[in-house]
Amino acid sequence: MRVIQHFCASRNNGHSLFYSNEVQLEYCFSSSLPARVLTAAHQADQEGASEIAAFEFGVDRGDELLCLEKYAAMVERETGVRIAAYGFDTGKGIPLMSGDYRDHPDQWRVGNYLMDEKLLRKRLSGRTTLLIGNVAQTVLEFVRNIRSHAGFVALDLDLYLSAMDALRIFLLARRKMLRRVPMYFDNIDFFFNHKFAGELLAIDQFNLTNKQVKIDRWRVIAKRRVFPESPRLSKMFVAHDLAAISKVALGRLPTSLI
Ligand SMILES: C[S@@+](CC[C@H](N)C(=O)[O-])C[C@H]1O[C@@H](n2cnc3c(N)ncnc32)[C@H](O)[C@@H]1O
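The model shown is predicted, which means the values in this text are computed figures rather than measured ones. (Residues numbered from 1 in each chain as written. Predicted model: local features only at pLDDT ≥ 70, side-chain atom pairs only at ≥ 80, totals over all residues.)

Moving on: the overall build of the chain. When you go through the chain residue by residue, the secondary structure sums to 9 helices and 7 strands. When contacts within the chain are restricted to residue pairs at least 6 apart in sequence, those whose partners lie at least 24 apart make up 73%. (Helix = DSSP H or I, 4+ residues; strand = E, 2+ residues; numbered from the N terminus. Contact = placed C-beta atoms within 7 Å.)

What follows is the structure, given as structure tokens:
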């Protein structure tokens, strides 16, 4: 265990990682999900936010959403930052597409990934809210009543248009987000992917068309890992709230640079 702790600390630029062995191990060894949840909670702590919202856009059977619940509970216990989870899905699978290459119609068709909503609701705990409907509408409604800051976002909607609609969570007037929000884009590294379609196009368009928030690769993530070659790590991004960052006047010495 000491060796592992030493390894984790050395991966973290010499700073000891912040929480218990269980969470440190998850952070260093496992897939990207624990890293996202833990980093979100750490960011919330730095910003003085006691609660954050964690989003899974594109739920299907709920496999990832159930994992998110598990790690949210673990990280919440450790950090004291409350984490509410939200899953967004049509409930009816892939919706109508744009009609051209941007949605990769050669990969998906309307109705793929049909959810068993009743079963999924039985499996989810009270921590998680399932929002059924097209994200074009549900994101608008959600942001209207948003309570806590967006802490992290997983985007697995497959389609360009759907991804654009989901990313409005960072743009709407009543949005709430941490200054830095860890993100995961699932559909960006298959053979058929290119930056003129799908989630990659949505990231480009998002960055081109607004000045307040920009999405960029999570640059340091692979350096802090036992398995830096894990393919999931290259799917991790960060949404930076440039407007909010501009307003910060640092009142303390810089802390560990995570
Ligand atoms: C690949 S599946 C998600 C898989 C899930 N993240 C997992 O790992 O278990 C993609 C999901 O995105 C949903 N989806 C795509 N476009 C959507 C939209 N505009 N609004 C809501 N859900 C959408 C589909 O219904 C489908 O269930």
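Where burial is concerned, most of strand β4 (residues 149-155) is hidden: 7 out of the 7 residues are buried. Pairing geometry for strand β1 (residues 51-57) and β4, over 6 bridges, is parallel. Within β4, the residue paired with Glu56 across the bridge is Ala154. With 3 bridges joining them, β4 and strand β5 (residues 180-185) adopt parallel strand pairing. Opposite Val153, over in β5, you have Met183 as the bridge partner. Between β4 and its parallel partner β5, the chain crosses via helix α7 (residues 160-166), and the hand of that crossover is right-handed. (Buried ≥ 20, exposed ≤ 12 C-beta atoms within 10 Å, placed from the backbone. Pairing = 2+ DSSP bridges. Right-handed = clockwise from strand over helix to strand, strands pointing away.)

Our next topic: the site of the ligand. Neighbouring the ligand are 22 residues; Gly58, Asp60, Tyr113, Asp156 and Ser162 lie closest to it. Secondary structure elements with two or more residues in the shell around the ligand: α4 (63-79), β2 (82-89) and α7. (Near = placed C-beta within 6 Å.)

As a further point, take the nonpolar core. Soluble globular proteins tend to pack their nonpolar side chains together in the buried interior. In this structure, Val37, Ala54, Phe55, Leu155, Ala166 and Met183 are the most contacted members of the largest nonpolar core, which totals 62 residues. No other element matches helix α3 (residues 32-47), which puts 7 residues into this core. (Core = buried A, V, L, I, M, F, W, Y, C linked by C-beta atoms within 7 Å.)

This next bit is on α4. The terminal C-alpha atoms of α4, which comprises 17 residues, lie 24 Å apart, in line with the 24 Å expected from a rise of 1.5 Å per residue. Restricting attention to buried positions, one finds in α4 the residues Leu65, Leu68, Glu69, Tyr71, Ala72 and Val75. Positive phi shows up at Gly80, right after α4, with a value of about 80°. (Expected span 1.5 Å × (residues − 1).)

Read across the open sheet, the 7 strands follow the order β3-β2-β1-β4-β5-β7-β6; overall the sheet is mixed. Each end of this open sheet is capped by a strand with a single partner; those strands are β3 (128-132) and β6 (213-217). Here the strands of the sheet are splayed against their neighbours by 25° on average, with no regard to which way each runs. As paired elements, β1 and β2 share 7 bridges and run parallel to each other. Paired with Phe57 across the strands is Phe88, a residue of β2. (Axes fitted to C-alpha atoms, helices over the stretch in contact; angles between N-to-C directions.)

Looking now at the packing of α3 against α4. At a closest axis distance of 9 Å, the pairing of α3 and α4 adopts a crossing angle of 40°. By the angle class used here, α3 and α4 are oblique. Considering the relative orientation of α3 and α4, their crossing is right-handed. Residues Leu33, Pro34, Val37, Leu38, Ala41 and Asp45 of α3 touch α4, and the partners they reach there are Cys67, Leu68, Tyr71, Ala72, Val75 and Thr79. Of the residues that constitute the contact of α3 with α4, the class distribution is 10 nonpolar, 1 polar and 1 charged. (Parallel < 35°, antiparallel > 145°, perpendicular 65-115°, else oblique. Left-handed = near helix turned anticlockwise from the far one by under 90°. Nonpolar A, V, L, I, M, F, W, Y, C, P; charged D, E, K, R; others polar.)

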